[in-house]
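Architecture at a glance
For reference, the chains in residue letters:
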Amino acid sequence: MGAGAAYHLAQRGIAARNIVLLEKENFFGQGATGRCAGGVRYQFSTAINIKLSLESLPMLERFKDEIGQDVSYKQCGYLLVATNEKDANAFKYNVKLQNKLGVQTQLISGDEVRKRVPLMKFGDALAGTFNQKDGTVDPNSVVMGYIGAAQKMGVKTFPGAEVIGIIVSSDQVEEVQTTIGAIKTRMILNAAGPWSGYISQMAGVHLPVTPLRRQMFTTSPLPEIPNDFPFVIDFARSLYFHREGEGLLIGMSNQNEQPGFEQSVDEDFELINLEAAIERMPLVEKAQRASHWAGLYEVTPDAHPIYGETHVNGFFVCTGFSGHGFMHGPISGKLMAEKILDGKFSSVDVSMLDLKRFEEGRLIQEYNVV
Ligand SMILES: Cc1cc2nc3c(=O)[nH]c(=O)nc-3n(C[C@H](O)[C@H](O)[C@H](O)COP(=O)(O)OP(=O)(O)OC[C@H]3O[C@@H](n4cnc5c(N)ncnc54)[C@H](O)[C@@H]3O)c2cc1C
C-alpha cells in the first residue's frame, strides 16, 4: 500500500522529492505482502470488493507496460468449492452479483468440480465457482516495481527506518520520529498493514485492525499437477492449493488463531493443514515440504479495508484488507493519491469504507474471506 501510494502520488506530479517512504525492515516487502499467497481474484461477495478488483487486476495486467516490471500474472483461474448448503447458496448469490457487475464467473455443479480437478477428492462438493481471469501474481515484483518507479521520479525511500513516534499538535500532524531521525511533515499515510493499529495509536487514533497469523507451505515438485491447475479453495475449511513452481503452495486458515504479532510457523497446525490437504489430494503424501512460513493478516471487523482521513488532520490510513489486500494494492495506492491530492476518491467510490463506519454501525460483511 505504501509503495503503491508513493508511486501514484509522485506520478500525479506532486513534488516527488517531498515524498518519503519509511520501512522498519532492512528490505521492503517483508511484511504481509512478502508473505502472502499472491492470489488475485474477482470473486467477492460485495459490490465494493468486486469493483476494487475490476480496477486493480487490470492494473496488474498492465503493470509491465506502465511500471516497467514483469509481475508474472498467471491466469490459472480460482475454483471455489462449496461442500455445504449455506456456502452453495451464498455462491449462487455471489455469482449473480459478479455477473451483474460484468465479471464472468461461472457457477458449476459438484460433478463439474470433480471433472475439473480429478486429482482431488471432492466427493462432497455441492457446487463451485470458477473465473479464468483470477490467478496469481508475484508480490515482490509488484512492491519493487512500484518502489523502483517511484525512486526514478525522486521519491526518497528509507528501509531500516522504524517509525517510533508521531507528534500531533492541535489535532494536526507535525512530525514523524524514526530510528534514523525526525521528519517535519503535515501529512502522513499510515500503510503499516498488520502494524497500522499500533502506528495509529502514536497519533492518538484508534483503528480496529487486528494482526492475525496465517501460514502456508510449499511442496517439492509434483509432475502430476497439470500446468493449468487452478487456485482451488475448499471454502468451508479455508484450505487452498495453487501451483508454485513445479509443486504446490498449500495453506489453511486456523479458525482458533488468537490475535498477535507472532510470525513463526505453528508446527502443530501445519500438521492439521497437511492432513487436510492429503485428504483432499492424496498425491500430496508423495511430496516433501520445500518451505514454510507465516505472516499476518490485518483484520477489520467487517473484512473490508479502511481508506481515508481520521480526526487528526493530515493523518490518513489505508489498511485492514483482511486477507485479500495484495490484489487491491494497485488501486488502493491510486485511491489514496486521489484522496490526499483532490480530497475525494475518483477511480472507485470507497467513501463508505471510512474509519467512521465502525462508530456509526455501517459495516459491510465480505463472505469470501479465506
Ligand atoms: C499468509 C498470508 C497469505 C495472504 N494471501 C493473500 C493472497 O493470496 N492475495 C491477497 O490479495 N492478499 C493476501 N494476503 C493479504 C495481503 O498480504 C495483505 O492484505 C497486504 O499485503 C497488506 O499490504 P500492506 O501494504 O497494507 O501491509 P504490509 O505488506 O505488511 O506492509 C506494511 C509495511 O509497514 C512496515 N512497518 C510496520 N511497522 C512499521 C514502523 N513502525 N515503521 C516503519 N515501517 C513499519 C512493515 O514492515 C511492512 O513492510 C495474505 C496475507 C498473509 C499473511
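Residues numbered from 1 in each chain as written. Predicted model: local features only at pLDDT ≥ 70, side-chain atom pairs only at ≥ 80, totals over all residues. Heavy atoms only, no water.

Lining the immediate environment of the ligand, one finds 34 residues, of which Glu 23, Ala 32, Thr 33, Val 163 and Glu 298 sit closest. Between the ligand and the protein, one listed contact pairs a nitrogen atom with a backbone N or O atom of Lys 24 at 3.0 Å. Note that a nitrogen atom of the ligand is positioned 2.8 Å from one of the backbone N or O atoms of Val 163. Look at the ligand: alone it shows 1000 Å² of surface, and the protein chains cover 95% of it. Taken together, the elements giving at least two residues each to the shell around the ligand come down to β1 (20-23), β12 (210-219) and β16 (289-299). Tallying contributions element by element places β16 first for the shell around the ligand, with four residues. (Near = heavy atom within 4 Å. Polar contact = N/O pair within 3.5 Å; in protein donor to acceptor, adjacent residues only side chain to side chain. Areas by Shrake-Rupley, 256 points an atom, 1.4 Å probe, with all protein chains shown as cover. Helix = DSSP H or I, 4+ residues; strand = E, 2+ residues; numbered from the N terminus.)

Each strand in a sheet pairs with another by means of backbone hydrogen bonds, the pair being arranged parallel or else antiparallel. One open sheet holds the three strands; their spatial order is β8-β9-β10, and the pairing between them is antiparallel. Edge positions in the sheet fall to β8 (163-169) and β10 (181-184), since each has one partner strand and no second. Each strand of the sheet is rotated relative to its neighbour by a mean of 20°, with strand direction disregarded. (Pairing = 2+ DSSP bridges. Axes fitted to C-alpha atoms, helices over the stretch in contact; angles between N-to-C directions.)

On to the sheet that holds strand β11 (residues 188-190). Pairing is mixed across the open sheet formed by three strands, whose spatial order is β11-β18-β17. What marks the edges here is a single partner per strand, and that holds for β11 and β17 (306-309). Direction aside, the axes of adjacent strands within the sheet are offset by 20° on average. Looking at chain direction, β11 and strand β18 (residues 315-319) are connected through three bridges and run parallel. Within β18, the position partnered with Asn 190 by the bridge is Val 317.

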